[in-house]
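# Fold and contact review
If you want the building blocks of each chain, they are given just below.
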Amino acid sequence: MNDTLLPDPAVHVAGAQEIAPDLLVVPDRGIPLVPNIGIVGGTEAVLVVDTGMGTANAEQVLALASEVAKGRRLYLTTTHYHPEHAFGAHVFDGHATYLANRAQAEDLAVKGAGYLEMFRGFGAPVADRLDTGVRVAAPDVVYDGGYDLDLGGRTVRLRPTGRGHTKGDQVIEVPDAGVLFTGDLAESGQFAIFPWFPPHDTDVSGTGWLTVMESLSADGHRTVVPGHGAVGGPQILADIRDYLRELRDETWRRRDSAMGESEIVAEVRALMIERHPEWAGQEWIDKGVGCLCTEHPTAADLEDS
């Protein structure tokens, strides 16, 4: 990655959109490494979902959330530990209670510092956002099995999903509004982001991710806020579910024939681009194939099943 590929990952809170009563989304505007950010209000408290990358972005988000809250208590949660989603949480210290599921808290503690240094190598605009003042914050509240957060007249459900895009993914459900925040379990108009970087990071699971998406796509959410890309309906979930299934089936079909991985990558990449020519992020197809090659059932696995 370099400066020409990665523009400044700046959050623009002026573009915040109300998608349901007392529920705002700050859209990513199609900029790489900028997430969709949520601000969800009840009568007593307001929850922020994801922070943007670095101090300056998170300060904007905190200022907007404080303006929206008008004295209501503030909470923060993050969908997973990757830098654009969680590496502004330090700004909320003393202003909001930071909640996260246990697997994500462990990711932050174990892998956060390494990701901070890695992303600082992605060119000057990203490095500037991750200046020396940025640190990986530890959650104030860590939970197992999910957390129901009462905001006053509105309960928000924080639900760990199990291993998918990362070990510590969680989704945020706003049941009264039919809204689901997915983090990077789902993107719209983009191939699934597989952070598959062996031997350094192999936590992503294509098969686990597919299981998660099969469950989410059956849950009846009306509005889906993806980690990146335009807010939409349940078709976002169905599209990622179907893509992951295609990617698995096409990869494993070729693996069954003892085809070499480089040839599998080339063939499956071409096929996925042909099927989804309008999607961005074609570079993630290769990573997904690599991941799924390692998850291919062996003959021994099949005998045991």
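Residues numbered from 1 in each chain as written. Predicted model: local features only at pLDDT ≥ 70, side-chain atom pairs only at ≥ 80, totals over all residues. Heavy atoms only, no water.

### What about the sheet that holds strand β9 (residues 155-160)?
Read from one edge to the other, the open sheet built from 5 strands follows the order β8-β9-β10-β11-β12, with strand pairing classed as mixed. In the strand order of this sheet, the two ends are held by β8 (147-150) and β12 (223-228), each with one partner. Between one strand axis and the next, the sheet turns by 25° as a mean value, whatever way the strands run. Where strand β10 (residues 170-174) lies against strand β11 (residues 179-187), 3 bridges are found, and the strand directions are antiparallel. Opposite E173, over in β11, you have L180 as the bridge partner. Where helix α6 (residues 235-256) meets the sheet, its contacts fall on β11 and β12, and the angle it forms with β11 comes to roughly 25°. (Pairing = 2+ DSSP bridges. Helix = DSSP H or I, 4+ residues; strand = E, 2+ residues; numbered from the N terminus. Axes fitted to C-alpha atoms, helices over the stretch in contact; angles between N-to-C directions. Contact = heavy atoms within 4.5 Å.)

### Regarding the packing of α6 against helix α8 (residues 283-294)
Relative to each other, α6 and α8 sit at 60°, their axes nearing to 9 Å. Judged by the inter-axis angle, α6 sits oblique to α8. The handedness of the crossing between α6 and α8 comes out as right-handed. From α6, Y243, L247, R248, T251, W252 and R255 reach across to α8, where they touch I285, G288, V289, L292 and C293. When the residues that make up the contact of α6 with α8 are grouped by side-chain class, the tally is 7 nonpolar, 2 polar and 2 charged. (Parallel < 35°, antiparallel > 145°, perpendicular 65-115°, else oblique. Left-handed = near helix turned anticlockwise from the far one by under 90°. Nonpolar A, V, L, I, M, F, W, Y, C, P; charged D, E, K, R; others polar.)

### Structural notes on the layout of surface pockets
Here the largest pocket is characterised by a volume of approximately 580 Å³. If you trace the largest pocket, you find 27 residues lining it, with P32, L33, Q190, I193 and W284 closest to the centre. Taken together, the elements giving at least two residues each to the lining of the largest pocket come down to α3 (102-120) and α8. Looking at side-chain class alone, the lining of the largest pocket contains 14 nonpolar, 9 polar and 4 charged residues. (1 Å grid on protein atoms, 1.4 Å probe; cavity = no way out; pocket = protein on both sides within 12 Å on 5 of 7 lines; lining within 4 Å. Points joined across faces, edges and corners; volume = space filled by probe spheres on them.)

### Quick word on unusual backbone geometry
P199 follows P198 through a cis peptide bond whose omega is 0°. If you check the backbone angles, R29 has positive phi at about 60° while not being a glycine. By the secondary structure assignment, R29 is in the loop between β2 (23-26) and β3 (37-41). Non-glycine residue L33 carries a positive phi angle of around 65°. Relative to the assigned elements, L33 resides in the loop between β2 and β3. Under the relative-accessibility criterion, L33 is labelled buried at 15%. (Buried < 20%, exposed > 50% of the residue type's maximum accessible area, 1.4 Å probe, protein only.)

### Re the environment of L158
Mapped onto the fold, L158 is located in strand β9. Using a relative accessible area of 0% as the deciding quantity, one classes L158 as buried. On a C-alpha basis, the gap between L158 and H82 in space is 18 Å, while along the polypeptide they are 76 residues apart. Non-local contacts of L158, meaning those with residues more than four positions away in its chain, are made with L47, T77, L99, Y143, G146, Y147, Q170, V171 and I172.

### As for the sheet that holds β3
Across a sheet, strands are paired by hydrogen bonds formed along the backbone, either parallel or antiparallel in direction. Taken in spatial order, the 7 strands line up as β1-β2-β3-β4-β5-β6-β7 in an open sheet, and their pairing is mixed. The strands lining the two open edges of the sheet, one partner per strand, are β1 (17-20) and β7 (141-143). Strand-to-strand twist across the sheet, computed as the mean angle between neighbouring axes with direction ignored, equals 25°. Sheet analysis places strand β5 (residues 73-77) next to strand β6 (residues 97-101), joined by 3 bridges and oriented parallel. Note that in β6 the partner of L76 across the bridge is Y98.

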